[in-house]
Amino acid sequence: MSKSIFRVLELYGTDGAIIAQVPEDNERAAGFVRPKVVRNGKIRLGGVDSFWLLSGLKREPKLISSKEETPSPSFTSGSTAATLMGRLKSGIEVEHSIRPGGYFGNAKLESVSVSSAIRLTVAYCPEDKDYERLVRDLRQGKLSVPIGSMVDALEISPNCFMTSGFCRLPIGHYALAPDTRVGTVPTRSVTGKLDMIAVSHGIMVFVSPPKWSLPASTDLRSDEEILYSAEKWLARIESALSAANRRAPCPDLVETLRTYVASSISEKEREDIDAVLRVLSDRKSLIELLPQIFERDAGWRTRLQEFAQSEYDRVQAEVRDRLSQETSLFEKLRKEVQDAEERIATLAHREVLLRNETDRHEARLKEKIADAARAVAITALETTQQLRDELTQVRAELEQIDRTSSVEASGHTSNTALAAEPTSDLAELSIASETDRLRVISELASSTGLRLTDLLAVICHSVDDVPVLVGNGAAGIAADIALAIGGEAGAVVFCDPTQVSFSDLLQNETAGLGKAIDIAKANPNVLVPVALCNITNGPCEYWLPHIVEMRRIGRLPSNLALIASAGIDGLRVSVPRSTLRYVFPLKASRLTASPTIIYAGAWPTLSANAARSREMIEPLAGKVEGTAELTHFAHMLAKAPVGTGLDLCALADALLTEREWIAAWRDGAEHELLQHFINLGG
C-alpha cells in the first residue's frame, strides 16, 4: 500500500479538510501538486498546516463544489484558484484559516478517502543555518516560524532539537517557556538516520517518527555571556578571599581568565586566521621574483648567457675526463670478470670429478654395510638359537624344582601354612589391559570432577613429588584414585596431630603403608599408590620430605606413587616453605558421595625413555625457556599413560602450572592455593 505525505491547506465544511500532497524535488520542479478534499475527523482536528502520512487513498465517485457545502464560505473566482495552484507548484507556503471566498472559487475539487492517517512530526530549522540568530530571537520572544500550526521541535544546532521548553505567543512568535532556564535547556538528538524532508522556508517534516535520545542539558547563552558571567563570579570569589584573609595576597582571577581567553582561539577567530592565510598564500616572494626582473635587462641577459656557456664548457670537460676514467676502469673490470669465469669453469670441472668419485665411494660403503649387516644377522640368529636352548634348559629345571616344591609343600604342617599366608600379598600382581586403564581414567575424571588433563598431571607427578588435592572432599578424591589404580595393594593414610614421624605412619596397620611398601618392593614393574589424606592436619614437615627423599635415593621403591590431599577449614598446621618444594597443589572439590571405581588390575610403572622424551619436546615448543626446564617437563610429559587419546598440548599446559607454584613458594609470588598451606595459625 503506497503512502504519501499531505499538508492541510484549509478546513472544509464541518467535517472535511482541503489537503495537498507535499511534492518531492522532481515533482516540485515539474509543478505537480493537486489539492483534494478529504472527510476525516482526525485530519480536521489536526488543523491547518498539519502534515499527515496517508495511505489507502481512494478517489470518491464525484467532484465536490463549494456550493454543495454549508455553511462553507463561498469561493470568489477562478483567478484565486489559479493563484493558489501556482503557489503550490512553486513550493511557496499557503496561508491558512477559512477565508471568505476561499482559494478555488467555483472549481471542482477532487474528493478522496483514506484508510489510515498518521500525523507527522514537524521541526523548524533556519534555512541559512544561522542558529545563533534563531537562539537570539527565541530568547527575545521574536522567533517567527512560517507555519500556522505549532511546530513540534526547534533545531538550535546540528542534530540538536528542543522538543519542550518553548511556547507560542498570541502574536504568533515563539519564545522560551516561563519555567525554562536559558542555561539548562532540555534538548534531544535524533539517533540513527535523519529521515525527514524539507517543505519550505526551514520547515522540516519527519517522514517516520524520530527516535529521540535521552534529554540533555544545553546552555543557550553565547560565549561572551558565559565569559562575562564567569568574570562576575571570579570577582565575587576575589572579594570573598580578600575579606577572609586580608594579609595574604589574593590572585587576580579575572585577569587570569582573560589571559587564558586571549591565548586561546575559538572557531570564529580561526576563520580570521584562515582568511589571512589565504591572502598570504596569493603573495609571492620578492627573492623569487628578482630573477624574472633581471631577465628584462639586456646586459644582464648577455652576462648570464656568457656565464651559462662557460659553465657548460667546464662541466662538459669534467664529464669527458670522468668518462675516460670510467672507461678504463670498465676495461679493467671486464678483464677481471673473464678471469673469474675461467676459474669458475675450472671449479665446475673439479666438482664433477669429485661428485663421480663420491658416488663410487658411496657404492663401496653400501656394499660393506650390507656385508656387515649380513654378518650381524647371522651372529644374531646364532645367539638367538643359543638363548632358546638355554631357556629350554631353564624351563626344564624350573619344572623339576616345582615338582620338588609340591612334594615338600604337601608335608608341611598347618602352622607353616598360616605363617606363609601374609606373604601371599607379595605375589606378582596382574597388569590391567590398556582398555581397562582407559576406562578407569574416564570413570575417575567423571567421579572426582577433575579434568582429564589435571587427573593425568596428578598421576605423572605422583612418582616424582607429591601432588596435593586442595578443597572440600579432596581426601575422598585422593583415596578413590589410590584404590582405583592400586586396589588392595594401595594404602590410604589419614594424617592427624599424633602422627609426627615416618615411623608413626608405618605403625598404623589399618592404613597399610608398610604393606604397600613391601608390595612395591616385590612388584617393581607396577604402580603402588599411597593416599596421604589431610596432610595439613598434622606436622607433615617431619615425614613428607623423608618419604620423598628416601624414594629418590632408592631406599623406598621408586614405583611408590604418592597422592595427597589438604583441607580448607578446621584446625590445621602450617607447612614451612622448605617443605612446599615437595608438593604440587591442584584445586579439587566434591560435595556429594560418588560410587567407588572398580579395580581392574595393576598399572605398569610410569617410565620415560630417551626416545619418548625427545618426542615430547614438540608439544612444549615455545612454552618453556631454558634447556634444564625443557628437559624436566619433557621427562614428566613422557611418563603420561600411552593411549589415553589426550591432546598432549593440553596435558603440557596442565603440567606447566607447576611453574606458578614454584614462583609462589620460592619467589613469593601470588598463588590462590598458598593460603591453605602457610599462616594457618596452627
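The present account deals with the structure reproduced in this document.

Definitions and limits used
- Residues numbered from 1 in each chain as written.
- Predicted model: local features only at pLDDT ≥ 70, side-chain atom pairs only at ≥ 80, totals over all residues.
- Heavy atoms only, no water.
- Helix = DSSP H or I, 4+ residues; strand = E, 2+ residues; numbered from the N terminus.
- Buried < 20%, exposed > 50% of the residue type's maximum accessible area, 1.4 Å probe, protein only.
- Contact = heavy atoms within 4.5 Å.
- Areas by Shrake-Rupley, 256 points an atom, 1.4 Å probe, with all protein chains shown as cover.
- Phe/Tyr/Trp six-rings, centres within 6.5 Å; stacked < 30°, edge-to-face > 60°.
- Core = buried A, V, L, I, M, F, W, Y, C linked by side-chain atoms within 4.5 Å.
- Salt bridge = Lys/Arg side-chain N within 4 Å of Asp/Glu carboxyl O.
- Disulfide = S-S within 2.5 Å.
- Pairing = 2+ DSSP bridges.
- Axes fitted to C-alpha atoms, helices over the stretch in contact; angles between N-to-C directions.

Description of the overall build of the protein chain
1) Next: Looking only at helices and strands, one finds 21 helices and 21 strands in the protein chain.
2) Next: For the protein chain, the residues scored as buried account for 35% of the 682 residues in total.
3) Next: Look at the contacts in the protein chain between residues 6 or more apart in sequence, and 73% of them connect residues 24 or more apart.
4) Next: Surface accessibility of the protein chain: about 41,100 Å² in total, with carbon and sulfur atoms responsible for 55%.

Some points on the packing of aromatic side chains
1) Next: If you walk through the whole model with that rule in mind, you get five aromatic pairs.
2) Next: Measuring from centroid to centroid gives 6.0 Å for F161 and F206, while their planes differ by 65 degrees, and the two rings are edge-to-face. Separated by 45 residues along the polypeptide, F161 in strand β10 (residues 160-162) and F206 in strand β15 (residues 203-206) bring together distant segments of the chain.
3) Next: According to the relative accessible area criterion, F161 is buried, its value standing at 1%.
4) Next: For F206, a relative accessible area of 2% corresponds to the buried category.
5) Next: By way of ring pairs, the aromatic residues F161, F206 and W212 are connected into one cluster.

Details of the nonpolar core
Across soluble globular proteins, nonpolar side chains show a tendency to be buried alongside one another.
1) Next: In this structure, L469, I481, L620 and L655 are the most contacted members of the largest nonpolar core, which totals 48 residues.
2) Next: With nine residues, helix α13 (residues 474-486) is the single largest residue contributor to this core.
3) Next: Apart from the residues within four sequence positions on either side, L655 is in contact with A457, C460, H461, F633, M636 and L637.
4) Next: By size, the runner-up hydrophobic cluster in this structure holds 42 residues, among which are V466, A491, L674 and F677.

Re the pattern of salt bridges
1) Next: Across all of its chains, the model carries 22 salt bridges by this definition.
2) Next: E225 is paired through a salt bridge with R139; the nearest N and O atoms lie 2.7 Å apart. Placement of E225 in helix α5 (residues 223-244) and of R139 in helix α4 (residues 131-140) is noted, with a sequence separation of 86 residues between them.
3) Next: Residue R139 is classed as partly exposed on the basis of its relative accessible area of 34%.
4) Next: Its salt-bridge partner being E362, residue K366 comes within 3.8 Å of it at the nearest N-O pair. Taken as a pair, K366 and E362 lie in helix α9 (residues 298-410) at a separation of four residues, close to a single helical turn.

Considering the state of the cysteines
1) Next: This structure, assessed with the given rule, holds zero disulfides.
2) Next: Not engaged in a disulfide, the cysteine C533 finds its nearest cysteine sulfur in C495; these two sulfurs lie 7.4 Å apart.
3) Next: Sulfur of C540: no disulfide; nearest cysteine sulfur belongs to C495 and is 7.6 Å away.
4) Next: Here C540 falls in the buried class, since its relative accessible area comes to 2%.

What to know about the sheet that holds strand β19 (residues 528-533)
1) Next: With parallel pairing, the five strands of this open sheet are ordered in space as β18-β19-β20-β17-β21. In this open sheet, the two edge strands, each paired with only one partner strand, are β18 (491-494) and β21 (583-587). Taken over all neighbouring pairs, the strand axes of this sheet differ in orientation by 20 degrees on average, direction set aside.
2) Next: Relative to strand β20 (residues 560-566), strand β17 (residues 466-470) runs parallel, the two sharing three bridges. Counterpart to V468 in the pairing with β20 is A564.
3) Next: Against the sheet, helix α15 (residues 513-522) engages β18, β19 and β20, with an angle of about 155 degrees to β19.

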